[in-house]
Amino acid sequence: MPLIKIHGMIDPHTHLRDLDWSHKATFASETKAAIAGGFWAVFDMPNTAPSTIDQDRLSDKLKRIDRDAHCDWGLYFGASQADNTAEYEKIARQVCGLKIYNNSTTGDLLINSSAMRERHYRAWTPNRLIAVHAEEETVRNILDLVRKYRQPTHFLHISSEYEINLLTQAKQDGLPVTVGVCPHHLILSEDDLPTLGAYGLMKPELKRKSDQRALWRAIRLGIVDIIESDHAPHAIAEKESDAPPYGVPGLETTLPLMLQAAKDGKLSLQKACDMLSLNVQRIWRIAPFPKTYALVDTDETYVIERENLMTKCGWSPFEGMRVRGKVREVWIRGTKVYDGENVLSPAGFGRNLFGYVA
Ligand code: NCD
Ligand code: ZN
Ligand code: ZN
């Protein structure tokens with residue numbers, strides 16, 4: 001049985017929901033899903049209800065996730081349209097980064113004025129990075145701010161050839177930028193929309209096959225730094241409604257999809273693992289704790305089925321696909337937290353990787 005050991009897998013782009021959206025998912029349910037997916041830690045986005053845009057809400061969320069998380073974690077602070085930059089020094093010591101939403105998506109955190117974007121870039125502290133939702137032409141606007149303020153910036157869920165070209169140039173120019181790509185943009189395309197319907201809706205939307213090829217090429221060339229799931233669970237009833245929300249879950253499918261891609265010769269096994277662990281650790285500047293790893297059987301293949309998922313939303317856009325790599329065990333800080341079937345760590349086991357909870 002070819003077991004591989006992956007040290008400290010982190011998914012730095014997840015929407016764990018909870019708080020007023022606990023009908024979609026909870027800190028408990030989704031940190032369990034993370035562990036089942038092989039992850040040590042997950043970073044949660046601020047477009048919750050309520051959104052994480054001031055110290056009180058951040059404190060409240062820190063307490064709740066600290067009480068409920070089964071794996072280690074970090075939280076993003078959200079840049080707000082109503083200027084919330086005053087406490088950035090203090091805020092930065094509690095979070096994994098600042099998130100700026102520059103195009104519309106789930107939640108109400110959109111910042112579309114360039115003056116306001118600039119205000120956040122000027123005020124943020126450079127010892128924690130800025131993660132941006134920026135699509136197409138907006139990538140160019142954000143790059144102008146990176147050039148001016150030199151704040152390390154991670155471009156989330158990059159999905160098109162145009163965006164890849166801009167970021168390739170930015171890297172050649174020596175700007176402090178990193179790039180994340182999601183499995184759904186690598187494996188699904190707009191051709192899958194008729195079959196998937198609302199279950200294939202997410203931001204950025206599924207693109208052309210030519211965009212997909214550009215993403216794979218950029219992975220091989222080292223332009224893409226990491227794979228992130230953008231785990232964004234929504235209830236089945238919401239996806240079946242007349243106005244389905246954008247977002248798809250991914251915590252339990254990311255690793256096996258990438259291992260299957262490695263088997264198919266799309267990238268090396270080493271690179272697939274590094275893009276889910278080492279490269280994420282480098283970008284967020286965290287060293288994994290000793291004895292923190294996943295043991296994965298890369299020979300075992302299986303079909304993705306909703307019955308076998310732990311995420312509270314109970315569906316996946318990848319259902320029916322054959323993938324590779326069964327997570328046999330997960331260990332965090334010397335404790336076995338997953339035995340291949342059940343999550344063994346209790347709620348509250350997980351720690352904040354960025355500061356402590358008072
Ligand atoms: C995300 C969500 O539902 O919170 N949706 C999505 O389609 N990706 C928000 C986001 O990442 O833009
Ligand atoms: Zn986004
Ligand atoms: Zn997201």
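Use the structure listed above.
Residues numbered from 1 in each chain as written. Chains lettered and ligands numbered in written order. Predicted model: local features only at pLDDT ≥ 70, side-chain atom pairs only at ≥ 80, totals over all residues. Heavy atoms only, no water.

Q: How do you make sense of the coordination of the zinc ion (ligand 3) when you look at a structure like this?
A: Donor atoms from the polypeptide that coordinate the zinc ion (ligand 3) comprise His 13 (NE2), His 15 (NE2) and Asp 230 (OD), at 2.0 to 2.1 Å from the metal. For the zinc ion (ligand 3), the 4 donor atoms in the first shell make angles of 87 to 135 degrees at the metal, a pattern classed as tetrahedral. Donor residues for the zinc ion (ligand 3) sit on one chain with the sequence pattern H-x1-H-x214-D. Between the zinc ion (ligand 3) and the zinc ion (ligand 2) the interatomic distance amounts to 3.7 Å. Remark: Asp 230 occurs in the loop between β9 (226-227) and α10 (236-239) and His 13 occurs in strand β2 (residues 10-14); sequence separation between them is 217 residues. For Asp 230, a relative accessible area of 7% translates into the label buried. (Donors = N, O, S within 2.8 Å, 3.2 Å for Na, K, Ca; no water. Tetrahedral: all angles 85-135°; square planar, octahedral: opposite > 155°, others 65-115°. Helix = DSSP H or I, 4+ residues; strand = E, 2+ residues; numbered from the N terminus. Buried < 20%, exposed > 50% of the residue type's maximum accessible area, 1.4 Å probe, protein only.)

Q: Sorry, what's going on with the sheet that holds strand β3 (residues 41-44) here?
A: Within a sheet, each strand pairs with its neighbour through backbone hydrogen bonds, oriented either parallel or antiparallel. Here 8 strands make up an open sheet; going across it, the order is β2-β3-β4-β5-β6-β7-β8-β9 and the pairing parallel. Two strands in the sheet have a free side with no partner beyond their single neighbour: β2 and β9. Of the strands in this sheet, β6 (129-133), β7 (153-155) and β8 (177-181) touch helix α5 (residues 137-149), which is tilted by about 165 degrees from β7. (Pairing = 2+ DSSP bridges. Contact = heavy atoms within 4.5 Å. Axes fitted to C-alpha atoms, helices over the stretch in contact; angles between N-to-C directions.)

Q: Would you explain the environment of Asn 103 in this entry?
A: Inspection of the secondary structure assignment puts Asn 103 in the loop between β5 (97-101) and α4 (114-123). According to the relative accessible area criterion, Asn 103 is buried, its value standing at 18%. For the pair Asn 103 and Gly 78, spaced 25 residues apart in sequence, the C-alpha to C-alpha distance is 14 Å. Not counting residues up to four positions away in its chain, the partners in contact with Asn 103 are Leu 110, His 133, Ala 134, Glu 135 and Thr 138. There is a polar contact of 2.7 Å between the side chain of Asn 103 and the backbone nitrogen of Glu 135. Side-chain polar atoms of Asn 103 contact the side chain of Thr 138, separated by 3.0 Å. (Polar contact = N/O pair within 3.5 Å; in protein donor to acceptor, adjacent residues only side chain to side chain.)

Q: I would appreciate a short explanation of the nonpolar core in the present structure.
A: Note that soluble globular proteins tend to have their nonpolar side chains buried in a common cluster. Ranked by internal contacts, the top residues of the largest apolar core, which has 96 residues, are Phe 43, Leu 143, Phe 155, Ile 158, Leu 267 and Trp 284. Setting aside chain neighbours within four positions, we find Leu 267 in contact with Trp 216, Ile 219, Met 258, Ala 261, Ala 262, Ala 272 and Met 275. With 12 residues, the next largest nonpolar core counts Met 202, Leu 206, Val 248 and Phe 318 among its residues. (Core = buried A, V, L, I, M, F, W, Y, C linked by side-chain atoms within 4.5 Å.)

Q: Looking at this structure, how should I read the sheet that holds strand β11 (residues 322-332)?
A: Reading across from one edge, β1-β10-β11-β12 is the order of the 4 strands in this open sheet, with antiparallel pairing throughout. Both outer strands of the open sheet, β1 (3-7) and β12 (335-338), are each paired with one neighbouring strand and no more. Each strand axis lies, on average, 35 degrees off the axis of its neighbour in the sheet, ignoring direction. Inspection of the sheet shows strand β10 (residues 293-303) paired to β11 by 8 bridges, in the antiparallel sense. Residue pairing across strands places Ala 294 opposite Val 330, the latter belonging to β11.

Q: I tried to follow the site of ligand 1 on my own but got confused; where do I start?
A: In the vicinity of ligand 1 lie 15 residues, with Arg 17, Asn 47, Thr 105, Lys 203 and Asp 230 positioned nearest. Thr 106 places a side-chain nitrogen or oxygen 2.9 Å from an oxygen atom of ligand 1. Contact between ligand 1 and Lys 203: an oxygen atom at 2.7 Å from a main-chain N or O atom of the residue. Alone, ligand 1 offers 310 Å² of accessible surface; in the complex the protein occludes 100% of this. (Near = heavy atom within 4 Å. Areas by Shrake-Rupley, 256 points an atom, 1.4 Å probe, with all protein chains shown as cover.)

Q: What's the story with the coordination of the zinc ion (ligand 2) in this structure? I'm lost.
A: Four donors placed tetrahedrally about a metal ideally form angles of 109.5 degrees, and six donors placed octahedrally ideally form angles of 90 or 180 degrees. Protein coordination of the zinc ion (ligand 2) is provided by His 133 (ND1) and His 157 (NE2), with donor distances spanning 2.0 to 2.1 Å. Between the 4 donor atoms coordinating the zinc ion (ligand 2), the angles at the centre fall across 53 to 146 degrees, so the site counts as irregular. For His 157, a relative accessible area of 2% gives the class buried.

Q: I would appreciate a short explanation of the side chain of Lys 99 in the present structure.
A: As for its position among the elements, Lys 99 is in strand β5. Polar side-chain contacts of Lys 99 include one of 3.0 Å to the side chain of Tyr 101. Leave out the neighbours within four places in its chain, and Lys 99 touches Met 45, Pro 46, Tyr 76, Phe 77, Gly 78, Ala 79, Ala 131, Val 132, His 133 and Leu 156.

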